[in-house]
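Chains, contacts and geometry: an overview
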Amino acid sequence: MYKFVAIDLDGTMLNSYGIVTENTKNVIKKVLNEGIEVIIASGRPIDSIKTIAKEIESKKYFIAGNGALIYDIQNDKIIYEKFMSKEKVLEIIKICEENSISYNLYTETTIIAKALKYNVLYYHKENLKKEENKRTNITIVDDIHKYVENLENPRFLKITVCDENKFVFQSIIKKLRKVSNIEVLDVLHMSRKMIKQGTEDIPIEYYYTEISLKDVDKWNAIEFLMEKMNLKKEEVVAIGDNMNDKIMIENAGLGVAMGGSTPNIINIADYVTTSNNDEGVANVLEKIIKEEL
């Protein structure tokens, strides 16, 4: 029997508008009532995940920054952390600036960016639908390098690099891979999200990669929780859609890919559910409750 479910957010639990549907919330509640723990495992920072954890009534832990930290919800504290150093972040910033490519930094509490573009624009639009104390904190600055240099004891989870042009994006990836002691995520397809502009649906599409400290991933964070909760890998379910979910999907007792996931994820999954816009998380959780998987 499964006792622990780790679920990614963007492209997985959340639909293209950044919403957890009421049906999905209800099914997650049924899973929790069965004594199965539901944990969010996301690339987002703490405050952005807290709101969603509360929505789905997940009350113990969540994983942020693609595994860079684990947050204890009940005790309001970080219990596991693998942050990037300021020196390493400045080294990556320099490469991005020299190549005029869009990037943003994720700390435990905020996203630092130059402008509301790509993923940051998506979070900004998401914020407009939320109460002020439930928003993802975004810090817009003109000179990120100078801003970071002046920060005292910064705690960086990851860096996201984005561009609409595939050639430009692939070129920067090659340069970033030469930097030591970091992981540059292989993302093979465009991110496609939707925002509302009045009554019109506007797509946000871009290539992106995520950079974190070497050996930071969601599965390492899950293993920490498994030991803490006395769980075996056979009792763990991992649900995701993209390359930052690959290792946890490969290693979990049941690895689930969302419909429409990147092919590499579908190929390694034990089960493929429907897409995030077709409530794939709710559908697979229903099967788990009925012990059909």
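Here's the deal with the packing of helix H3 (residues 86-98) against helix H6 (residues 166-176)
H6 packs onto H3 with a crossing angle of 150° between their chain directions and a minimal axis gap of 11 Å. Crossing angle aside, the handedness with which H3 passes H6 is right-handed. Along the contact surface, H3 presents Ile92, Ile95 and Cys96, while H6 presents Ile172, Lys175 and Leu176. Grouping the constituent residues of the contact of H3 with H6 by class yields five nonpolar, no polar and one charged.

Points about the pairing of strand E9 (residues 156-163)
Counting buried positions along E9 yields eight of eight residues, so the element is predominantly enclosed. In this structure, strand E6 (residues 102-107) lies alongside E9, joined through six bridges in antiparallel fashion. Among the inter-strand pairings, Thr107 is bridged to a residue of E9, identified as Phe156. Bridging between E9 and strand E12 (residues 200-213) involves five bridges; their strand directions are antiparallel.

Overview of the sheet that holds strand E14 (residues 254-257)
In spatial order, the strands read E5-E4-E3-E2-E1-E13-E14-E15; together these eight strands make up an open sheet with mixed pairing. The open sheet is flanked by strand E5 (77-81) and strand E15 (271-272), the only strands paired with a single partner. Judged from the four bridges that link them, strand E13 (residues 236-240) and E14 form a sheet pairing that is parallel. Note on E14: the bridge partner recorded for Ile239 is Val256. In this fold helix H2 (residues 46-55) packs onto strand E2 (37-41), strand E3 (61-64), strand E4 (69-72) and E5, with an angle of close to 145° to the strand it touches most, E3. Set on the sheet, helix H7 (residues 218-229) makes contact with strand E1 (4-7), E2, E3, E4, E5 and E13; between it and E3 the angle comes to about 160°.

Some details on the pattern of salt bridges
Pairs can form between side chains of opposite charge once their charged atoms are near each other. Under the defined criterion, the tally for this structure stands at 24 salt bridges. A salt bridge links Glu235 to Lys3, with the nearest nitrogen and oxygen atoms 3.2 Å apart. Placement of Glu235 in the loop between H7 and E13 and of Lys3 in the segment before E1 is noted, with a sequence separation of 232 residues between them. When its relative accessible area of 14% is taken as the criterion, Glu235 is described as buried. Residue Lys3 is classed as partly exposed on the basis of its relative accessible area of 40%. Measuring nitrogen to oxygen at the nearest pair gives 3.5 Å for the salt bridge that ties Lys287 to Glu292. By sharing partners, the salt bridges in this structure join Asp10, Arg44, Glu126, Lys130 and Lys193 into a single network.

A word on the packing of aromatic side chains
Tallied over the entire structure, the rule returns six aromatic pairs. Aromatic side chains Phe62 and Tyr71 sit 5.1 Å apart centroid to centroid with 20° between the ring planes, which places their arrangement in the stacked category. Between Tyr118 and Tyr206 the ring centres are 5.3 Å apart and the planes differ by 45°, which places this aromatic pair in the tilted class. Separated by 88 residues along the polypeptide, Tyr118 in helix H4 (residues 118-127) and Tyr206 in strand E12 bring together distant segments of the chain.

The rules we used
- Residues numbered from 1 in each chain as written.
- Predicted model: local features only at pLDDT ≥ 70, side-chain atom pairs only at ≥ 80, totals over all residues.
- Heavy atoms only, no water.
- Axes fitted to C-alpha atoms, helices over the stretch in contact; angles between N-to-C directions.
- Helix = DSSP H or I, 4+ residues; strand = E, 2+ residues; numbered from the N terminus.
- Left-handed = near helix turned anticlockwise from the far one by under 90°.
- Contact = heavy atoms within 4.5 Å.
- Nonpolar A, V, L, I, M, F, W, Y, C, P; charged D, E, K, R; others polar.
- Buried < 20%, exposed > 50% of the residue type's maximum accessible area, 1.4 Å probe, protein only.
- Pairing = 2+ DSSP bridges.
- Salt bridge = Lys/Arg side-chain N within 4 Å of Asp/Glu carboxyl O.
- Phe/Tyr/Trp six-rings, centres within 6.5 Å; stacked < 30°, edge-to-face > 60°.

Everything listed here is a matter of geometry and, on its own, says nothing about what the molecule does.
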